[in-house]
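Structural characterization, general
Residue strings, one per chain:
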Amino acid sequence: VMDKFTKELDAAMGKIIEYDRLAEKKPQDYGCGVLLHMGDIHMIEVIGNYPDHNVTELADLRGVTKGTVSKMVRKLEKEGFIQRYQCKGNKKENYFKLTELGKKAYEGHYAFHERKSKWTHDQYSKYTESEKKLLLNFLKMYAEYMKDYI
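Residues numbered from 1 in each chain as written. Predicted model: local features only at pLDDT ≥ 70, side-chain atom pairs only at ≥ 80, totals over all residues. Heavy atoms only, no water.

Before going further, it helps to spend a moment on the pattern of salt bridges. For the structure shown, the criterion picks out 9 salt bridges. With a shortest N-O distance of 3.2 Å, glutamate 18 and arginine 21 are connected by a salt bridge. Residue glutamate 18 and its partner arginine 21 are both found in helix H1 (residues 4–25); the two are separated by 3 residues, about one turn of the helix. For arginine 21, a relative accessible area of 47% translates into the label partly exposed. Residues joined by salt bridges that share partners form a network here, namely Asp40, Lys75 and Glu79. (Salt bridge = Lys/Arg side-chain N within 4 Å of Asp/Glu carboxyl O. Helix = DSSP H or I, 4+ residues; strand = E, 2+ residues; numbered from the N terminus. Buried < 20%, exposed > 50% of the residue type's maximum accessible area, 1.4 Å probe, protein only.)

Okay, the pairing of strand S3 (residues 82–87) next. Note: S3 against strand S4 (residues 90–98), 5 bridges, orientation antiparallel. Across the sheet, residue tyrosine 85 finds its bridge partner in S4, namely tyrosine 95. In textbook terms, the turn of a hairpin is the stretch between consecutive antiparallel strands, and for S3 and S4 this stretch comprises 2 residues, one of which, glycine 89, has a positive phi near 80°. (Pairing = 2+ DSSP bridges.)

As structure tokens, then:
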């Protein structure tokens, strides 16, 4: 039998997961004039943070399959957000970097989070370092626990 704390925790985490699902389905304009889904903007973010990475490396960074990355980069390239290129001496590997439109979306994504997350960040600032560490450790543990449901 679940105790009261566990029931409340499961309910709260369930709400977070459901809100995340809903957010994933709702495209946003990140200041570039194009509606992007969460998965697309996060791929743009990873490419912006880790330029010159190939499909395998991007898949590892995003925690998704190489097939998923291949599909996403084809779409983002077609829409003009990223550019594919090959290094001299290695015509086999494709690497990716942001175009000007991709950079605009990348910057807009961070501005979007600044606007949307101000209240949350204000709350975090009230926590001690030890409370922040506890919270972060718990969330990392819960993320690992959720893998069992996949």
